[in-house]
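Close look at the chain arrangement
Chain by chain, the residues run as shown.
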There are 4 protein chains.
Amino acid sequence: MQTIGHFIGGEKLAEDPRTQEIINPSTNQLEAKVCLASKATVEKAIATAEAAFPAWRAVPPIKRTRIMFRLKDLLEQNADRICELLTREHGKVLNDAMGELQRGIENVEYVCSLPEVLKGEHSRDVGPGIDSWSEFQPLGVCAGITPFNFPAMVPLWMWPMAVACGNTFVLKPSERDPSAALFIAQLGIEAGIPAGVLNVVNGDKEAVDTLLTDKRVQAVSFVGSTPVAEHIYTTGCASGKRIQAFGGAKNHAIVMPDADLDNAATSLMGAAYGSCGERCMAISVVVAVGDATADALVEKLEAQIATLKVGDGRDTSNDMGPLVTRAHLEKVTGYIARGVEEGAELVVDGRGLVVEGFEDGNYLGACLFDRVKEGMVIHSDEIFGPVLCVMRVDTMQEAMQIIDNHEYGNGTCIFTRDGEAARYFADNIKIGMVGINVPLPVPVAYHSFGGWKHSLFGDLHAYGPDSVRFYTKRKTVTQRWPASDIREGAQFAFPSNR
Amino acid sequence: MQTIGHFIGGEKLAEDPRTQEIINPSTNQLEAKVCLASKATVEKAIATAEAAFPAWRAVPPIKRTRIMFRLKDLLEQNADRICELLTREHGKVLNDAMGELQRGIENVEYVCSLPEVLKGEHSRDVGPGIDSWSEFQPLGVCAGITPFNFPAMVPLWMWPMAVACGNTFVLKPSERDPSAALFIAQLGIEAGIPAGVLNVVNGDKEAVDTLLTDKRVQAVSFVGSTPVAEHIYTTGCASGKRIQAFGGAKNHAIVMPDADLDNAATSLMGAAYGSCGERCMAISVVVAVGDATADALVEKLEAQIATLKVGDGRDTSNDMGPLVTRAHLEKVTGYIARGVEEGAELVVDGRGLVVEGFEDGNYLGACLFDRVKEGMVIHSDEIFGPVLCVMRVDTMQEAMQIIDNHEYGNGTCIFTRDGEAARYFADNIKIGMVGINVPLPVPVAYHSFGGWKHSLFGDLHAYGPDSVRFYTKRKTVTQRWPASDIREGAQFAFPSNR
Amino acid sequence: MQTIGHFIGGEKLAEDPRTQEIINPSTNQLEAKVCLASKATVEKAIATAEAAFPAWRAVPPIKRTRIMFRLKDLLEQNADRICELLTREHGKVLNDAMGELQRGIENVEYVCSLPEVLKGEHSRDVGPGIDSWSEFQPLGVCAGITPFNFPAMVPLWMWPMAVACGNTFVLKPSERDPSAALFIAQLGIEAGIPAGVLNVVNGDKEAVDTLLTDKRVQAVSFVGSTPVAEHIYTTGCASGKRIQAFGGAKNHAIVMPDADLDNAATSLMGAAYGSCGERCMAISVVVAVGDATADALVEKLEAQIATLKVGDGRDTSNDMGPLVTRAHLEKVTGYIARGVEEGAELVVDGRGLVVEGFEDGNYLGACLFDRVKEGMVIHSDEIFGPVLCVMRVDTMQEAMQIIDNHEYGNGTCIFTRDGEAARYFADNIKIGMVGINVPLPVPVAYHSFGGWKHSLFGDLHAYGPDSVRFYTKRKTVTQRWPASDIREGAQFAFPSNR
Amino acid sequence: MQTIGHFIGGEKLAEDPRTQEIINPSTNQLEAKVCLASKATVEKAIATAEAAFPAWRAVPPIKRTRIMFRLKDLLEQNADRICELLTREHGKVLNDAMGELQRGIENVEYVCSLPEVLKGEHSRDVGPGIDSWSEFQPLGVCAGITPFNFPAMVPLWMWPMAVACGNTFVLKPSERDPSAALFIAQLGIEAGIPAGVLNVVNGDKEAVDTLLTDKRVQAVSFVGSTPVAEHIYTTGCASGKRIQAFGGAKNHAIVMPDADLDNAATSLMGAAYGSCGERCMAISVVVAVGDATADALVEKLEAQIATLKVGDGRDTSNDMGPLVTRAHLEKVTGYIARGVEEGAELVVDGRGLVVEGFEDGNYLGACLFDRVKEGMVIHSDEIFGPVLCVMRVDTMQEAMQIIDNHEYGNGTCIFTRDGEAARYFADNIKIGMVGINVPLPVPVAYHSFGGWKHSLFGDLHAYGPDSVRFYTKRKTVTQRWPASDIREGAQFAFPSNR
């Protein structure tokens, strides 16, 4: 039985007394144990990162960037190994894992733009003979706390940019599926990041709270649920840190009467059920404008759900794998029961699914609710499972009101052919990431990711241009030189030589 | 006796039961009373701002910007009136007031760049037929809490940009000298800002805490002392807001052996004693490298101090006016006594100064300490008075260490002719705003203002480019259009017409 | 009889032997004479501008910018006077003149962003201890050669930015209607531009060729017809200069079957007939997709044309004034005859219009051709008069092919409600400025103006961000400092002092 | 005997009747023959590139960029092979070749930032409900004409960015040493550039003139001598193209009395004699301020020249290899004779050098002139050989005057410790690339390369940010949607369904 430890100063450590089990969600078999870092272990990682900072900060940005070029190559070369780890610990189907990894690699590609995006602004002659410019300097030790649902991608949102900017880093991945993040960190060292610049600790609340309160940590990036995000933001800010904390979501798609319904239905299948809906950008609510739209759409979704294939993630013919844990499966099925109680119409019930050969896995088929209403718990809560809710409204304005009323503001989408409807929606909806006929409007790596309302605590978004600003602080220099004997007086300084 | 009230929805209000006296610091005469807003009054201002938001947000940025062009004109036309208010309530000499106002006007000039600086980023073909772009949308209701020392300038750092970005605003100026801010807000309305978009409340902790905890307020900008800044950051963040809180400072100048000492001494006089040292960017410590440097510099400073003229701010031949309050005068003289006790050498003692005709004013002459050491309270605390401390070191490295050890990280400066020394200093010193032979390296209005360490809590600096980011949130849109009968099928759609 | 001269070094000059008449197009009465500058006069202007350059270049950008703030105010204060000049010499209706002037003022507003848009890029540590940054420095003497149709606006595209960037300038406005440009230049001096920095010469080919070949002129901006633009580009480039030469246009609007036809027709009326079609962004061709679309559209246009009011420009109830000259009127009516010969259907014939009280004016009513085809001269040539051609096609693809085949590439527009059609069009059409339901897609002042194909010779567009680049040249500095005794050796340099 | 042909549409072609010999400069042995393309061959390449454009333009930028990541890997993997080709055909020492290649790879690294640097600007609400944005679209077929002295690097300045921006390309490398460019182009295809997108033709004036006048070529980048650059600019512009033509140089270094002379002398050795001075950024003139400075500097240079090792480029212990051709050797030695005649003092005479084993090679030892004066041909002409001229002046102002008087404006450098002298120099000198204690201030790949005066014809510099602008044209879209029944009327459109 393997015990997964930490990665500090380029060394593996596994000495903490507390551990937690790593369970394969497809079989509920024990795969390994993971150490849960004590306060002392986390402080060791922080101290290591702090010690590595002065030398790393002094490496020219172009040299730090070149390591990221090598990291991209190593990630591509080791893609199969990484995806295997993702599937084993998280459960997602291998090609979905590959999609996740690809998104992570795209973030590394963007980091390769560092010399461009790190440029400061220079102004000649802000006054007579006075110049002024800004620089974006690294912060010092930064930390990342990442969720179970994207064990490879979300760490790659964070540390490559942080490290390339000249910071040192302590990553705490999800303790449920830490192996991919650990392995990728080792690839970072192989690519040329000096030992000590990038460190990984595994752990739970003790580790998190140490990172949040240790004065040596300058900044924390977090992705997880909203209650934890709010705790992270409040605690970290009270410790004087810079924090960006990404929380939950409930992403609605509006389907307009003029939409291409076949396209909308197909798009929604992937957006709702891909990775079992365990994505913060999953579409979990469809708001159909007009009953005719709703009727046609539900019919099409029902038909497509009938062809969905659920099973072990190593079989790439499957569309969905298991949920991440038994406990999570029970939570999701609880929501389904609650929805039925609340009066929503359960058009497709995915409960009771048994996958042959994987009878102990956390499997749940796709579920579809129709006639869901505001006020139902299945609408207000983030379920994080393969459950799609259809709501019916008469007008686009009603649909937008439902979205704007909701606590979360991560992503949303509209299906329409109409330019005006799309523009009005994108302009006015109170959501950070908007799709027009794009069901998962995750910004590409060269834009930045972030929601509004309770989906994000902090000013700056993840990855892309905003991440450069998050992982650096501005220094502004104003320079004037006093009149110079060297220049003006040279004639007098050396007359005897002529 | 005038009672200064609030300015809400374009109307003056003065109904709160609690008031505070406005005292002229040059005479200690009562000038007026100012209302201290109750929670209800502040909530009324917030509600007014919230109600004004949807319509204001919909005004095209160029139209909002044109109001700022007019505001600049009005500020220039009313400059004398504003400076008179500044001098009466704050005490600063009229031409120093004019300098403050000019800096504020420069911020308004920068806001006139809004259509340029508000631009988002557009990417064609992020995938086949898919475009993506970002927009910077306003936040909603924003608040500003500003200090007594720059009653006109600091509000102008905040609300013109916030309002131009499409937000509505509640300003709480210092209750000691609120009149300039109130008057300028009225000029804003005269310039064309709709009533309700810009509101001013006067008040104390009750008003501040209401602004910090009311969920309708999206963002708070604060300038003041570090303990309050920390409270603002912690409380405001715990309420889920976006906060930038600017705190205290202890700005050191290094004087190198090769510096032009006449230039350095003259520069330091203004930087240390201008506005009685009541500036967060004042130089309060000089670190001289080498005793020869120190000896020569102290001699020059002493000589120049002897010519300083202190008196009523309306007489522009004066170099320094009174301190802001009797209590503050006592606090500063307390520090001077403490410095003497701690063993620093009080080279010039400004205590006991009596200004003829203004015998009751809060006057204090310039003070100069030599041989100040780390550990002394006059070094660790921000005195905020006309007290300059000279420290003596042997090397530049020691000087830099003193600066980096200090709690604050606002501004610093080096006097040297040497390119390498200047560059090493600017690159490595742990301070946000760095001057090279520039004693007050306040960034110009088109760069941004912000310190490091305990001088700033938050990610984004004040005014300039950062303020656009602080007062807006990013929205990213990803757009794809389904195949179009309109385009491809037009031929078939209308065949019978031919 | 007034003789309009030049404006050189802040002085008016009118000594050239050659003059040309300024004729009021509404009456064909002589209004004034304008001097045509000899080579010597132009060289005097260039020499004056060259002499003024070193001092002007050294004025900090923010001070140069403040003059532009004042210029904006002066333009607004003198708007009526400027519009009166425009109407008298060009003929356009007063409120159209006000629209032109407003666009010019918007360019001045953008120039007020100079400190922001002039920023260079700064990179710390491009190598160990090496920094590098770019600056955008002025070129020296720049020249502008501007057309008759926007006598106020096009000069304001050019010289305010050129001058604000630190250049000096020689403007040669159209000799047909020079007074507005001359008057505005005087306002520039009144606003604070030093005499000699901005100069105006009136003239014809002799003046143009002198500007193009004089080695002291660094850059020339030109707006006019394509044959002249090509001559300017070839000649100016052969003289080693930087040239941007804006030429002719033939702007097509596509009307799709799904368009809001009432909106389209109303939009097209203004776009085709505003300012008598004497605009390089006028819509002169409508390509209707489907005969049903064409039939309905022609019917609506015909009805609206019937209500058009043509007459003297001082009467703001008029929609169109006279054409600029008798010769131009004859040229345009010649095209109408040619179109009839070529077989196009002249649905509305505006020829023979007599305006009561202005019987000698160059009046022509709105003309509408239907069933225009590729190959007809009225399609291939830029008519620059109130003549709108309707073409009929079956598909959007055919419509786009017509546009792409045409020599010019200035502006174009599509009327549709369909997101996909609009996006496909905007992405693929070979035109520089594209409108979606916007008939005159002139970029706003904070974007840049420029066509493709034979509508622009040169790399950089007019006004907005590109104009900063056109009027400056990049300087890149790379800086390293040798090891410093000053910094490292200070300890040893002064040991005896301790 | 190998005949080097062209590379068109992914195929090698070698059918032209005319050829030229490729001679190894170290031995003057024939290495190969190279085809000289006829007009028809060049037109075939252009036609191939034009045919490849529409499909390549439609590939999303991120996919085009990924090819550049692979190209970087392939260049690194094939570095030895490329350097061997460079040394064989050009003569430079292998590690100098490696330095050249590394600079080329850095340009490819910058191109990997494409998705960032290609972003357009987006403005919401330029008017009510109107949005506007700019896109940077590819031009079509672009061409590059590159010089003998950097056979690998200069092509890599051009086509990777041009191709990544979506253009197709025809490269004409120097016919003296074409093999590296040809080999690298093949690596481009191997990396994933589609055949036809990147083409190479070898040739002479016939090829060049075809590229300059063929209407299908949209833009030409050229690097070479000033007379040719001027011809390229004039001819290409007259053909309506966008041209950037980089010409000759005469780069001066000022050595100030306070400079670190050991550092200056060592720096100058590499800058003057590296690659035999056959670099457009070589320092060929040192202007010493004060005779004491000059005397000391000449002494140090003389001493270092004595240790220079000259010989075959494959031996990396050599500092200099042969000159590129026998004819060029004769031209350079002619200049040396001319300098002596003109009265300059030839301190070190490198003529007559014989390298054992390579007696027929084009070898010339380092030459050093002292007391060179303005007016001498060795000062006015670009020698492009290992000849360093020392000039003596009394003041920095005189030194700057010499530089500003010179026809060329490529690079320059100052050696000083003094901040004021450096800043005054960098600000005022009329040169495009300025070094402060950096003798070869070639901008790093993420800034842009370009001289002033007769060193560059055109507006935009090479590589870095400017190259994105050079290889794209701006398109500005303005969009408004008409009122939408879809959105507003949905309620009425489907009432019967409820």
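Owing to the predicted nature of the structure, the values given are computational and were not obtained by experimental measurement. (Residues numbered from 1 in each chain as written. Chains lettered and ligands numbered in written order. Predicted model: local features only at pLDDT ≥ 70, side-chain atom pairs only at ≥ 80, totals over all residues. Heavy atoms only, no water.)

**Section: the domain arrangement of chain A**
Residue and element names in this part refer to chain A. Segmenting chain A into domains produces domain 1 (3-247 + 455-477) and domain 2 (251-436). In this structure, domain 1 and domain 2 have C-alpha centres spaced 31 Å apart. Taken together, the contact pairs 18 residues of domain 1 with 28 residues of domain 2. Carbon and sulfur atoms make up 54% of the surface buried where domain 1 meets domain 2, a total of about 1,900 Å² over both sides. Its largest share of buried area at the contact with domain 2, domain 1 owes to Ser 26, Val 93 and Ser 455, together 27% of the area lost on that side. Applying the counting rule to domain 1 against domain 2 returns one salt bridge. Between Asp 96 and Arg 279 there is a salt bridge, with its nearest N and O atoms 3.0 Å apart. For the side of domain 1 that touches domain 2, the secondary structure elements donating two or more residues are helix H3 (79-90) and helix H4 (94-111). Broken down by class, the residue content of the side of domain 1 that touches domain 2 amounts to five nonpolar, ten polar and three charged. (Domains from an automatic or database assignment. Contact = heavy atoms within 4.5 Å. Buried area = accessible area lost by both parts, 1.4 Å probe. Salt bridge = Lys/Arg side-chain N within 4 Å of Asp/Glu carboxyl O. Helix = DSSP H or I, 4+ residues; strand = E, 2+ residues; numbered from the N terminus. Nonpolar A, V, L, I, M, F, W, Y, C, P; charged D, E, K, R; others polar.)

**Points about the interface of chain B and chain D**
Taken together, the contacts link 25 residues of chain B with 25 residues of chain D. Between chain B and chain D, a total of about 1,900 Å² is buried, with carbon and sulfur atoms accounting for 46% of that surface. Interface area lost by chain B to chain D is led by Lys 119, His 122 and Arg 124 of chain B, which between them contribute 33%. Remark: the boundary between chain B and chain D carries four salt bridges. The interface formed by chain B and chain D holds eight residue pairs in polar contact (both at pLDDT 80 or more) in total. If you list the elements that add at least two residues to the side of chain B that touches chain D, you get helix H2 (61-77), helix H5 (114-117), strand E6 (120-127) and strand E7 (130-138) of chain B. By residue number, the principal contributor to the side of chain B that touches chain D is E6 of chain B, which donates eight residues. Within the side of chain B that touches chain D, the residues separate by chemical class into nine nonpolar, seven polar and nine charged. (Polar contact = N/O pair within 3.5 Å; in protein donor to acceptor, adjacent residues only side chain to side chain.)

**A short note on the UniProt feature "domain: Aldehyde dehydrogenase" (unreviewed entry) in chain A**
Mapped onto the present numbering, the UniProt feature "domain: Aldehyde dehydrogenase" (unreviewed entry) falls at residues 17-477 of chain A. In this annotation, residues 17-477 of chain A is assigned 42% helix and 22% strand; the end-to-end C-alpha distance for the span is 50 Å. (UniProt positions renumbered as here; feature names shortened; annotations may be inferred.)

**Regarding unusual backbone geometry**
A positive phi angle is found at Arg 371 of chain A, which is not glycine, with a value near 55°. Here Arg 371 of chain A lies in the loop between strand E16 (367-370) and helix H13 (377-380). The partly exposed category is assigned to Arg 371 of chain A, whose relative accessible area is 38%. For Cys 276 of chain C, which is not a glycine, the phi torsion comes out positive at approximately 55°. Following the sequence through the fold, Cys 276 of chain C ends up in the loop between helix H10 (261-273) and strand E14 (283-289). (Buried < 20%, exposed > 50% of the residue type's maximum accessible area, 1.4 Å probe, protein only.)

**A look at the packing of aromatic side chains**
In this structure the tally under the stated criterion is 30 aromatic pairs over all chains. Geometrically, the ring pair formed by Trp 157 of chain D and Phe 449 of chain D is tilted, given 4.7 Å between the ring centres and 45° between the ring planes. Linking Trp 157 of chain D in helix H6 (residues 153-164) with Phe 449 of chain D in the loop between strand E20 (433-436) and strand E21 (452-453), this pair joins segments that are 292 residues apart in sequence. Phe 449 of chain D gets classed as buried once you look at its relative accessible area, which sits at 3%. An aromatic cluster is defined as three or more aromatic residues linked by ring pairs; in this entry it consists of Trp 157, Phe 246, Phe 449 and Tyr 463 of chain A. The cationic tip of Arg 81 of chain B hangs over the ring face of Phe 183 of chain B; the distance from NZ or CZ to the ring centre is 5.7 Å. (Phe/Tyr/Trp six-rings, centres within 6.5 Å; stacked < 30°, edge-to-face > 60°. Lys NZ or Arg CZ within 6 Å of the ring centre and 35° of its normal.)

**Some words on the pattern of salt bridges**
Per the stated rule, a full pass over the model turns up 138 salt bridges over all chains. Residue Arg 392 of chain A is joined to Asp 370 of chain A by a salt bridge in which the shortest nitrogen-to-oxygen separation is 2.8 Å. Taken as a pair, Arg 392 of chain A in strand E17 (residues 387-393) and Asp 370 of chain A in strand E16 lie far apart in primary sequence, 22 residues in all. The residues Arg 392 of chain A and Asp 370 of chain A share a single accessibility class, namely buried. As a salt-bridge pair, Lys 300 of chain D and Asp 262 of chain D come within 2.9 Å of each other at their nearest N and O atoms. Residue Lys 300 of chain D is found in helix H11 (residues 291-305), and its partner Asp 262 of chain D is found in helix H10 (residues 261-273); the two are separated by 38 residues along the sequence.

**Some remarks on the interface of chain B and chain A**
Across the contact, 64 residues belong to chain B and 64 residues belong to chain A. When chain B packs against chain A, close to 5,300 Å² is buried across both sides, 49% of that on carbon and sulfur atoms. Where chain B meets chain A, there are six salt bridges. For the salt bridge of Asp 466 of chain A with Arg 474 of chain B, the shortest nitrogen-to-oxygen distance reads 2.7 Å. At the boundary of chain B and chain A, one finds 36 residue pairs in polar contact (both at pLDDT 80 or more). Residue assignment for the side of chain B that touches chain A shows that the elements contributing at least two residues are E6, E7, helix H9 (226-238), helix H15 (419-428), strand E20 (433-436), helix H16 (464-470) and strand E23 (472-480) of chain B. Per-element tally for the side of chain B that touches chain A: the top contributor is E23 of chain B, with eight residues.

**Description of the packing of helix H2 (residues 61-77) of chain C against helix H4 (residues 94-111) of chain C**
Residue and element names in this part refer to chain C. Axis separation between H2 and H4 bottoms out at 8 Å; the angle between their running directions is 160°. By the angle between their axes, H2 is roughly antiparallel relative to H4. Here the hand of the crossing between H2 and H4 comes out left-handed. Residues Thr 65, Met 68, Leu 71, Lys 72, Leu 75 and Glu 76 of H2 touch H4, and the partners they reach there are Leu 101, Ile 105, Val 108, Glu 109 and Val 111. (Axes fitted to C-alpha atoms, helices over the stretch in contact; angles between N-to-C directions. Parallel < 35°, antiparallel > 145°, perpendicular 65-115°, else oblique. Left-handed = near helix turned anticlockwise from the far one by under 90°.)

**Let's talk about the sheet that holds strand E4 (residues 19-24) of chain A**
Residue and element names in this part refer to chain A. In space, the three strands of this open sheet follow the order E1-E5-E4, with mixed pairing throughout. The sheet is open, and its two edges are formed by strand E1 (2-4) and E4, each paired on a single side. For this sheet, the mean angle separating the axes of adjacent strands, direction not counted, is 35°. In this sheet, strand E5 (residues 29-35) lies alongside E4 in antiparallel orientation, the contact comprising six bridges. When the sheet's bridge partners are listed, Glu 21 is paired in E5 with Lys 33. Across the face of the sheet, H3 comes into contact with E1, E4 and E5 while running at roughly 100° to E4. (Pairing = 2+ DSSP bridges.)

**Some thoughts on the relation of the copies chain B and chain A**
Superposition record for chain B on chain A: RMSD 0.0 Å, screw rotation 180°, translation along axis 0.0 Å. Expressed as a symmetry operation, the mapping of one chain copy onto the other fits a two-fold axis. (Least-squares fit on C-alpha atoms with pLDDT ≥ 70 in both.)

**Observations regarding the relation of the copies chain B and chain D**
Both copies of the chain are related by a screw-like operation: a rotation about an axis and a shift along it. Rotating chain B by 180° about the axis while translating it 0.0 Å along that axis superimposes it on chain D, leaving an RMSD of 0.0 Å. Both copies share a contact surface, since 100% of the interface residues of chain B are interface residues in chain D too.

**Structural notes on the pairing of strand E16 (residues 367-370) of chain D**
All names here are of chain D. The alternating pattern of E16 places Cys 367 and Phe 369 on one face and Leu 368 and Asp 370 on the opposite face, and all of these are buried. Taken together, the three bridges between strand E15 (residues 345-348) and E16 define a ladder with antiparallel strand orientation. Within the sheet, the bridge partner assigned to Leu 346 lies in E16 and is Phe 369. Alignment of E16 against strand E17 (residues 387-393), held across three bridges, turns out to be parallel. Within E17, the residue paired with Phe 369 across the bridge is Cys 389.

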